[in-house]
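Below, each chain spelled out in residue letters.
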Amino acid sequence: MRILVIEDEQKVAAALKEGLLHENYEVDLAFSGEEGFYMLSTQSYDLLLLDLMLPGRDGLEILKSVREKGMRFPVLVLTARDTVEDRVKGLDSGADDYLIKPFAFAELLARIRVLLRRGKSNGRLRLFVSDLEMDRITRKVKRNADAISLTVLEFDFLELLLRHKGQIVSR
Ligand code: CA
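Residues numbered from 1 in each chain as written. Predicted model: local features only at pLDDT ≥ 70, side-chain atom pairs only at ≥ 80, totals over all residues. Heavy atoms only, no water.

### A few points about the coordination of the calcium ion
Okay, step 1: Here the calcium ion is held by the protein donor atoms Asp-8 (OD), Asp-51 (OD) and Met-53 (O), which lie 2.1 to 2.4 Å from it.
Okay, step 2: In primary sequence terms, the donor set of the calcium ion follows D-x42-D-x1-M. Of this pair, Asp-8 sits in the loop between β1 (2-6) and α1 (10-22) while Asp-51 sits in strand β3 (residues 47-51), placing them 43 residues apart in sequence.
Okay, step 3: Asp-51 gets classed as buried once you look at its relative accessible area, which sits at 3%. (Donors = N, O, S within 2.8 Å, 3.2 Å for Na, K, Ca; no water. Helix = DSSP H or I, 4+ residues; strand = E, 2+ residues; numbered from the N terminus. Buried < 20%, exposed > 50% of the residue type's maximum accessible area, 1.4 Å probe, protein only.)

Next up, the structure:
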């Protein structure tokens, strides 16, 4: 499995590469959006790890271009804690999941594993509608920052509706 990391902070990028190599992933680094997009256009990757705050073309622009070009590999966005709006924009722009910096490396690995297992089409790990957010890995649901407690059946039902947002679902 081959991963491209687009991250302008060289120390962070190097640490990510080292950790991912240790897990037997193949890893390439790009330090700017332009460089990253060039690599995505010319080589093939199974997953993109994308920092949102980049000089030049930022992460969201890269993400939009990637999806407009029809590239379907999973994208995991790395974002700062105080950019909740960016997070939602990231998901609207075609990210499959996100992690808030600083994050635990073990959690990053878990999310990468799930994204790669799910392949290219089976959808996002976090689902949104308005201010309601569902995390499909931890099975937690929040409205704004308030946790909502759901039974297993309620969760599955809500997940079905969120996955078919805007559509009619059969009984
Ligand atoms: Ca950055």
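### Thoughts on the sheet that holds strand β4 (residues 75-80)
Okay, step 1: Overall, parallel pairing links the five strands, which are arranged β2-β1-β3-β4-β5 in an open sheet. Lying at the two open borders of the sheet, with one neighbouring strand each, are β2 (26-30) and β5 (97-101). Geometrically, the sheet is characterised by an average inter-axis angle of 20° between neighbouring strands, direction not taken into account.
Okay, step 2: By the bridge criterion, four bridges tie β1 to β3 in an arrangement that is parallel. By the bridge assignment, Val-5 is partnered in β3 with Leu-49.
Okay, step 3: Its contacts with the sheet place helix α3 (residues 59-68) against β1, β3 and β4, and it is angled at close to 155° to β3. (Pairing = 2+ DSSP bridges. Axes fitted to C-alpha atoms, helices over the stretch in contact; angles between N-to-C directions. Contact = heavy atoms within 4.5 Å.)

### What about unusual backbone geometry?
Okay, step 1: Cis geometry is adopted by the peptide bond preceding Pro-102, which originates at Lys-101 and carries an omega value of -10°.
Okay, step 2: Even without being a glycine, Arg-139 presents a positive backbone phi close to 55°.
Okay, step 3: Position of Arg-139 relative to the elements: it lies in the loop between β7 (132-135) and β8 (140-143).
Okay, step 4: The phi torsion at Asn-144 lies on the positive side, around 50°, for a residue other than glycine.
Okay, step 5: Note on placement: Asn-144 falls in the loop between β8 and β9 (146-148).

### Remarks on the packing of aromatic side chains
Okay, step 1: The tally for this structure, following the rule as stated, stands at zero aromatic pairs.
Okay, step 2: Positioned above the aromatic ring of Phe-37, the side-chain terminus of Arg-57 is 5.1 Å from the ring centre. (Phe/Tyr/Trp six-rings, centres within 6.5 Å; stacked < 30°, edge-to-face > 60°. Lys NZ or Arg CZ within 6 Å of the ring centre and 35° of its normal.)

### Thoughts on the pattern of salt bridges
Okay, step 1: Here the structure, examined in full by the defined rule, presents twelve salt bridges.
Okay, step 2: Residue Asp-131 pairs with Arg-143 through a salt bridge whose shortest N-O separation is 2.5 Å. Of this pair, Asp-131 sits in the loop between β6 (126-129) and β7 while Arg-143 sits in strand β8, and the two are twelve residues apart along the sequence.
Okay, step 3: Sharing partners across several salt bridges, the network here consists of Glu-7, Glu-9, Asp-51 and Lys-101. (Salt bridge = Lys/Arg side-chain N within 4 Å of Asp/Glu carboxyl O.)

### A short note on a nonpolar patch on the surface
Okay, step 1: On the surface, a cluster of nonpolar side chains totalling about 260 Å² of accessible area is made up of Phe-157, Leu-160 and Leu-161.
Okay, step 2: Residue placement: Leu-160 occurs in helix α6 (residues 152-163).
Okay, step 3: The class for Leu-160 is partly exposed, based on a relative accessible area of 31%. (Patch = residues over 30% accessible without salt bridge, like charges linked within 9 Å, V, L, I, M, F, W, Y side chains within 5 Å. Areas by Shrake-Rupley, 256 points an atom, 1.4 Å probe, with all protein chains shown as cover.)

### Overview of the pairing of β4
Okay, step 1: The buried fraction of β4 amounts to five of the six residues, a majority that puts the element mostly inside the structure.
Okay, step 2: Where β3 meets β4, four bridges bridge the pair, whose relative direction is parallel. Looking across to β4, one finds that Leu-49 is bridged to Leu-76.
Okay, step 3: Sheet analysis places β4 next to β5, joined by five bridges and oriented parallel. Along β5, the bridge assignment pairs Ala-80 with Lys-101.

The analysis is restricted to geometry; functional conclusions fall outside its scope.
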